[in-house]
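So the chains spell out like this:
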Amino acid sequence: MVHVLSSRTLLRPTDPERSRAFYGGKLGLAVYREFGTGPERGVVYFLGGGFLEVAGRGDAPPSPALKLWLQVPDVTAAHEELAGNGVDILRPPVREPWGLIEMWIRDPDGTQIVLVEVPAGHPLRYRPGI
């Protein structure tokens, strides 16, 4: 059994500066740590219970199979803020048949990001025995 102490998603953007401006500026993710120097320096952002590392440079955008799932407390407020920041919104907030409220955006390399609100009363909020 692997005992995981921490985890992070690694992104190697085609334009590191543009991606740092997106994740740190437009999304406003808090910085956990920075390392290295120069245009391909690394920044690790907090993602709730995990981390997103944007470092180095990729020759091509990440696979379209890669998606980021970010839970937020209020997806409507996030929509207003991100639209005001010029973020490419693929789909505004919608209550899905499974009960979550989701909106879809994309980063500068086209990686799709779903912002999810878990409404009160949704089964994801239910904890048996509590």
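This one's a predicted model, so the numbers in the text were calculated from it and none came from an experiment. (Residues numbered from 1 in each chain as written. Predicted model: local features only at pLDDT ≥ 70, side-chain atom pairs only at ≥ 80, totals over all residues. Heavy atoms only, no water.)

Where do I start with the environment of M103 in this structure?
Inspection of the secondary structure assignment puts M103 in strand β7 (residues 101-106). C-alpha separation for the pair M103 and V75, spaced 28 residues apart in sequence, amounts to 7.2 Å. If we skip the residues at most four places from it in the chain, M103 touches V75, H79, L82, I89, R91, P92, P93, I113, V114 and L115. (Helix = DSSP H or I, 4+ residues; strand = E, 2+ residues; numbered from the N terminus. Contact = heavy atoms within 4.5 Å.)

When you look at the sheet that holds β7 in this model, what are you seeing that I'm missing?
Taken in spatial order, the four strands line up as β5-β8-β7-β6 in an open sheet, and their pairing is mixed. Pairing within the sheet leaves two strands with one partner each, and these edge strands are β5 (67-71) and β6 (88-95). Strand-to-strand twist in this sheet, taken as the mean axis angle between neighbours without regard to direction, amounts to 15°. Sheet topology places β6 next to β7; five bridges connect them, and they run antiparallel. Residue R91 lies in a different strand from β7, and its bridge partner there is W104. On top of the sheet, helix α2 (residues 75-84) reaches β6, β7 and β8 (112-117); it is set at about 160° to β6, its chief contact. (Pairing = 2+ DSSP bridges. Axes fitted to C-alpha atoms, helices over the stretch in contact; angles between N-to-C directions.)

What is the right way to read the pairing of strand β3 (residues 42-47) from this model?
Regular strands have side chains that alternate between both faces of the sheet. The pairing of strand β2 (residues 31-35) with β3 spans four bridges and is classified as antiparallel. Looking at the pairing, V31 lines up with Y45 of β3. Counted between consecutive antiparallel strands, the loop separating β2 from β3 contains six residues, among which G36 sits at a positive phi close to 80°. Direction of pairing for β3 relative to strand β4 (residues 50-54): antiparallel, over a ladder of five bridges. Note that in β4 the partner of V44 across the bridge is E53. Between β3 and β4, which pair antiparallel one after the other, the connecting turn spans two residues, and G48 there sits at a positive phi close to 60°.

Honestly, it's all geometry; don't read function into it.
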